[in-house]
Structure formats: C-alpha cells, structure tokens
Amino acid sequence: DASATGHPMVAHTDDSGSDTTDVRFVRVPRKQWPKGSTRKLYHWVDGYPRVVAPERSDEYAPVNGQRPNVPIGEIPQVPETYAYWDMDYGVQNEMGLSIGESTCTAKTVGWPATPERPYGYCHI
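Residues numbered from 1 in each chain as written. Predicted model: local features only at pLDDT ≥ 70, side-chain atom pairs only at ≥ 80, totals over all residues. Heavy atoms only, no water.

Turning our eyes to something else, we now look at the environment of A53. Along the chain, the position of A53 falls in the loop between β3 (38-41) and β4 (73-76). Judged by relative accessible area, A53 falls into the buried class, the value being 0%. (Helix = DSSP H or I, 4+ residues; strand = E, 2+ residues; numbered from the N terminus. Buried < 20%, exposed > 50% of the residue type's maximum accessible area, 1.4 Å probe, protein only.)

Once that is clear, we can look at the nonpolar core. Membership of the largest hydrophobic core is limited to eight residues, which are V26, V28, Y42, V51, A53, Y60, Y84 and V91. Non-local contacts of Y42, meaning those with residues more than four positions away in its chain, are made with V51, A53, E55, R56, N69, V70, P71 and I72. (Core = buried A, V, L, I, M, F, W, Y, C linked by side-chain atoms within 4.5 Å. Contact = heavy atoms within 4.5 Å.)

Now for the sheet that holds strand β8 (residues 98-99). Sheet architecture is open: four strands sit in the order β1-β6-β7-β8, paired in antiparallel fashion. Looking along the sheet, the strands with just one partner apiece sit at the ends: β1 (26-28) and β8. The pairing of strand β6 (residues 84-86) with strand β7 (residues 91-93) spans two bridges and is antiparallel. Bridge pairing in β7 links W85 to Q92. (Pairing = 2+ DSSP bridges.)

Quick look at the side chain of S57 now. Of note, S57 is situated in the loop between β3 and β4. Among the polar contacts made by the side chain of S57, one reaches the main-chain carbonyl oxygen of R27 at a distance of 3.0 Å. Those residues in contact with S57, other than ones at most four positions away along the chain, are V26, R27, V28 and P29. (Polar contact = N/O pair within 3.5 Å; in protein donor to acceptor, adjacent residues only side chain to side chain.)

Residue placement: P29 occurs in the loop between β1 and β2 (31-32). It is 9.4 Å that separates the C-alpha atoms of P29 and D58, two residues lying 29 residues apart in sequence. Non-local contacts of P29, meaning those with residues more than four positions away in its chain, are made with R56, S57, Y82 and A83.

Once that is clear, we can look at unusual backbone geometry. Of note, the amide linkage connecting Y48 to P49 takes the cis form, showing an omega dihedral of -10°. Turning to its location among the elements, P49 is positioned in the loop between β3 and β4. Although it is not a glycine, N64 sits at a positive phi angle of roughly 50°. Of note, N64 is situated in the loop between β3 and β4.

So, about the packing of aromatic side chains. This model, assessed by the stated rule, comprises two aromatic pairs. Judged by centre distance (4.7 Å) and plane angle (5°), the rings of F25 and W85 are stacked. Of this pair, F25 sits in the segment before β1 while W85 sits in strand β6, and the two are 60 residues apart along the sequence. A cation over a ring is seen here: R27 above W85, with NZ or CZ 5.0 Å from the ring centre. (Phe/Tyr/Trp six-rings, centres within 6.5 Å; stacked < 30°, edge-to-face > 60°. Lys NZ or Arg CZ within 6 Å of the ring centre and 35° of its normal.)

Worth remembering: the numbers are spatial, not functional.
Right, dumping it as structure tokens:
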C-alpha cells in the first residue's frame, strides 16, 4: 500500500534546462457550472507563472502586477467538475483519477510488429 487512502500518487521530474519551472501545486476546487458555461483555454507558458486565470483557482489569481492571460478559445463546460490538483504536468482529481505525460523524444522506428504485438510497441 503506497498511500493511506489507497489512492495512487503522482510524481514528475521536470528537466527544464535553462528555463525556470512553475513548481506550484495548485488545488482547483470542485464546482457546479450553470447551463451554457464554457471553459476558457489558455496558452500556458514555460516558467512562472504558467497561467494567470483566477476563475480556475485563487492560486492562479494575479499577484505583483500580473495580468490575467487572454483565452485563446473556449469549449462547453460540463455541469460539475471534481476538485483536482494541478501541476506543471500531471494532475489528480479528488476521486484519485490521474493523468500525466512524457516528453521523451525516443524514436521507436524499427521496433518491429509481431503476431503478439501487431503495432510494435506503440499501441496499448
């Protein structure tokens, strides 16, 4: 048992090179959304702050003269969103559902398809 609650844990290493990384671990609260609401989409930037968007969480509110980011688009919002932990990459919601990513630039060309793996190693 890796955790007291049985939920998975999320971790990530961020080799940002010469860039600074926004290392905040932000709690985005559970919300009920009125019919017709939309979710604003932003271009997140390298470094701090990754986004200034107070409607997401108080922790994304502007500080020290920052200005809110301008949305690049919007999508329809679902009626309710669970609370979640938001980081530079991976996130986990209050139900324990997690997501992450990998920026590995490895080439998989040449990993052959076989009867056991008809898509090589590039298909789950």
